[in-house]
Amino acid sequence: MDHISLDRQARAILTGNDRGGYTVPTAGLYPYQWNWDSAFAAWGFAQFDVERAWTEVETLIAGQWDSGMVPHILFHQPDPGYFPGPDVWGGTGPIPSSGISQPPVAATFIRAIWEQDRAAGAARARALYPKLVKWHQWFMDWRVENGAVCITHPWEAGRDNAPDWDGAMAGIDPVGVGDYTRRDTAHVDAAMRPTKYDYDRYIWLVQMGRRLGWDDAALKAQNPFRVADPTMTFILMRAHRDLAEMGRTLGEDVGRIEAWIATLERGAEALWNPDLGAYDALDVKAQKFAGCVSNASFLCWYGGLDDDRMRPQIARVWNAVRYPVPSLEPASDRFDAKRYWRGPTWAIMNALISLGLRDQGLTAEAARLRRDTATLIAEHGFAEYFDPHTGAPAGGGTFTWTAAVWLAWASPSAGDD
Ligand code: GLC
């Protein structure tokens, strides 16, 4: 199919998943507004409807809690097809929500949207800026450990069942979790979804957060799950840089943001696993590395690090599959080509990795990843994720963020290499 028809299809996916002011990731499986999905959706909308792009991020930030946290799910309208819903989470913000956050790609895409038309977006950027600063401050206050950014639930990283969390998950005994009915496996083949072992622990962590009223200090003291994560660390590092740029344009003092960047730059070294020769997740409680070369390990360039140590790693992982970048290196004994974040390729992660490679001057690699992702989508559609060996689509179909990164980055219409 030619790219003009694919552009048309991608726009139709975004408008089809639009629920009026916010976009669902895909109908059925994910019927609410997800945090980083929504930021990607805005980037996609900005390619043909800038007004709608602004509304998307404004609706997301409207869910911000008093603490500054912006939740990972906003439950705008109850939908019995999803579990765990608002009654299980018991979020305490202005809109029914979950109690955890997600990778803060928003500032980066808000800056990109604003740069399309500075004058038209000025008032909206000015209104969003202090809210983004407050959200980033919340991360720095509650999630940073030795300069690396931690997650407090596997869902917070956006890489739900990545093997990065296996060690910390094994330390949880999900006693008293009770009976519940999963809804995800009614929409998608169970072999492509997390296991019951994982789900019991996900729900146990949600129940604990709710019991503690999602109080950050209480959770920090009592939550056994605290893992320093390359996804969060590199994405927040990048988001701080883009937020600082916005602040400079607005004439704000960005000294505080510059200090955060310096903290995370130093802290990234805490994620360097010398035995693996790669950035890795670190279980902060047990002080143990996960031992995973994942697609998040390759976000170092996106974070803004000019780090040659990861170049042989990306070459190795890239050459092991037909459709890069797999979410886990195929040589790992935990690799599973179809199971979500334990092997499949995700177009959104490829977009972030490629933007980082480009910014660090690795333009040939950046262009190759863009082309490979365009081929994958052109051959196999706008799926949630893909088998890295065969390209077979997996998970949900007509997926918002896959369509969004097609429009904003992968499509030949999105620019020259
Ligand atoms: C899954 C993904 C997460 C995403 C959500 C909605 O939970 O792991 O990253 O935000 O689905 O697409």
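For the structure itself, look to the data block above.
In what follows, the accompanying structure is described. (Residues numbered from 1 in each chain as written. Predicted model: local features only at pLDDT ≥ 70, side-chain atom pairs only at ≥ 80, totals over all residues. Heavy atoms only, no water.)

### Some points on the overall build of the protein chain
- Scanning the protein chain for helices and strands turns up 17 helices and eleven strands.
- Its C-alpha atoms give the protein chain a radius of gyration of 20 Å, near enough to 22 Å, the size a compact globule of 417 residues would have.
- Each principal axis of the C-alpha distribution contributes one length, and for the protein chain these read about 55 × 45 × 45 Å.
- In the protein chain, buried positions account for 61% of the 417 residues.
- Contacts in the protein chain between residues at least 24 apart in sequence constitute 71% of all its contacts with a sequence separation of at least 6.
- When the accessible surface of the protein chain is totalled, it reaches about 14700 Å², and 49% of it is carbon and sulfur.
- Counting 40 positive and 52 negative side-chain charges, the protein chain places the centres of these two groups 1 Å from one another. (Helix = DSSP H or I, 4+ residues; strand = E, 2+ residues; numbered from the N terminus. Rg over C-alpha atoms; globule rule 2.2 N^0.38 Å. Buried < 20%, exposed > 50% of the residue type's maximum accessible area, 1.4 Å probe, protein only. Contact = heavy atoms within 4.5 Å. Areas by Shrake-Rupley, 256 points an atom, 1.4 Å probe, with all protein chains shown as cover. Lys, Arg positive; Asp, Glu negative; His and termini not counted. Charge placed at Lys NZ, Arg CZ, Asp CG, Glu CD.)

### What about unusual backbone geometry?
- Here the amide bond leading from Phe83 into Pro84 is cis, since omega sits at 0 degrees, within 30 degrees of zero.
- Tracing the sequence through the fold places Pro84 in the loop between β2 (73-74) and α4 (86-89).
- With omega at 0 degrees, the peptide bond leading from Pro324 into Val325 counts as cis.
- A positive phi angle, close to 55 degrees, is found at Trp214, a residue other than glycine.
- Tracing the backbone through its elements, the reader meets Trp214 in the loop between α9 (196-211) and α10 (216-222).
- What makes Trp214 buried here is its relative accessible area of 8%.
- Here Tyr340, not a glycine, exhibits a phi torsion of approximately 60 degrees, which is positive.
- With respect to the secondary-structure elements, Tyr340 resides in the loop between α14 (311-319) and α15 (347-359).

### Focus on empty space enclosed by the protein
- Tallied over the entire structure, the rule returns three cavities of 30 Å³ or more.
- The wall of the largest cavity is formed by 20 residues, among which Tyr30, Trp34, Gln102, Asp160 and Tyr340 lie closest to the centre.
- A class-by-class count of the residues in the lining of the largest cavity yields 13 nonpolar, three polar and four charged. (1 Å grid on protein atoms, 1.4 Å probe; cavity = no way out; pocket = protein on both sides within 12 Å on 5 of 7 lines; lining within 4 Å. Points joined across faces, edges and corners; volume = space filled by probe spheres on them. Nonpolar A, V, L, I, M, F, W, Y, C, P; charged D, E, K, R; others polar.)

### Remarks on the environment of Pro86
- Residue position: Pro86 is located in helix α4.
- Classification of Pro86 as partly exposed rests on a relative accessible area of 26%.
- Spatially, the C-alpha atoms of Pro86 and Glu269 are 37 Å apart, while their sequence positions differ by 183 residues.
- Apart from residues no more than four positions distant in its own chain, Pro86 is found in contact with Tyr32, Phe75 and Pro96.

### Here's the deal with the site of the ligand
- As a structural note, the neighbourhood of the ligand is formed by Pro25, Tyr30, Trp34, Trp36, Asp37, Gln102, Gly158, Asp160, Tyr340, Trp341, Phe399 and Trp401.
- Contact between the ligand and Trp36: an oxygen atom at 3.1 Å from a side-chain N or O atom of the residue.
- A distance of 2.6 Å separates an oxygen atom of the ligand from a polar side-chain atom of Asp37.
- Summarising the interface, the protein chains cover 97% of the accessible area of the ligand, which totals 310 Å² for the free molecule.
- Under a 2 Å grid-point criterion requiring more than half of the atoms, the pocket assigned to the ligand is the largest cavity. (Near = heavy atom within 4 Å. Polar contact = N/O pair within 3.5 Å; in protein donor to acceptor, adjacent residues only side chain to side chain. Sits in = over half its atoms within 2 Å of the grid points.)

### Examining the packing of aromatic side chains
- Counting across every chain of the model gives 29 aromatic pairs.
- Their ring planes at 45 degrees and their centres at 6.2 Å tell us that Phe399 and Trp401 sit as a pair that is tilted.
- Among the residues examined, Phe399 registers a relative accessible area of 1% and is labelled buried.
- Among the residues examined, Trp401 registers a relative accessible area of 4% and is labelled buried.
- Against the face of Phe45 rests Arg52, its NZ or CZ located 4.5 Å from the ring centre.
- A cation sits over an aromatic face here: Arg193 above Tyr340, 4.6 Å from the ring centre. (Phe/Tyr/Trp six-rings, centres within 6.5 Å; stacked < 30°, edge-to-face > 60°. Lys NZ or Arg CZ within 6 Å of the ring centre and 35° of its normal.)

### Notes on the sheet that holds strand β5 (residues 227-228)
- Read from one edge to the other, the open sheet built from five strands follows the order β3-β4-β5-β8-β9, with strand pairing classed as antiparallel. For this open sheet the edge positions go to β3 (144-145) and β9 (288-289), each flanked by a neighbour on one side alone.
- Sheet strands in contact with helix α11 (residues 230-249) are β4 (148-151) and β5, and its direction is about 130 degrees off that of β4. (Pairing = 2+ DSSP bridges. Axes fitted to C-alpha atoms, helices over the stretch in contact; angles between N-to-C directions.)

### Focus on helix α12 (residues 255-267)
- In this model α12 runs 18 Å from its N-terminal to its C-terminal C-alpha over 13 residues, within 8% of the 18 Å that 1.5 Å per residue would give.
- Of all the residues in α12, the buried ones are Ile257, Trp260, Ile261, Leu264 and Gly267. End-on, the buried residues of α12 take up no more than an arc of 130 degrees, which puts them together on one face.
- The inward-facing, buried residues of α12 contact α6 (118-142), β3, β4 and α11. (Expected span 1.5 Å × (residues − 1). Arc of directions from axis to C-beta.)

### Re the pattern of salt bridges
- Counted under the stated rule, the structure contains 30 salt bridges.
- Its salt-bridge partner being Asp229, residue Arg159 comes within 3.2 Å of it at the nearest N-O pair. Here Arg159, found in the loop between β4 and α7 (166-170), pairs with Asp229, found in the loop between β5 and α11; they are 70 residues apart in sequence, far enough to count as distant. Each of the two residues, Arg159 as well as Asp229, counts as buried.
- Residues Asp336 and Arg339 are paired through a salt bridge, measuring 3.3 Å at the closest nitrogen-oxygen approach.
- One network of salt bridges, in which partners are shared, links Arg111, Glu115, Arg118, Arg238, Asp242, Arg358 and Asp359. (Salt bridge = Lys/Arg side-chain N within 4 Å of Asp/Glu carboxyl O.)

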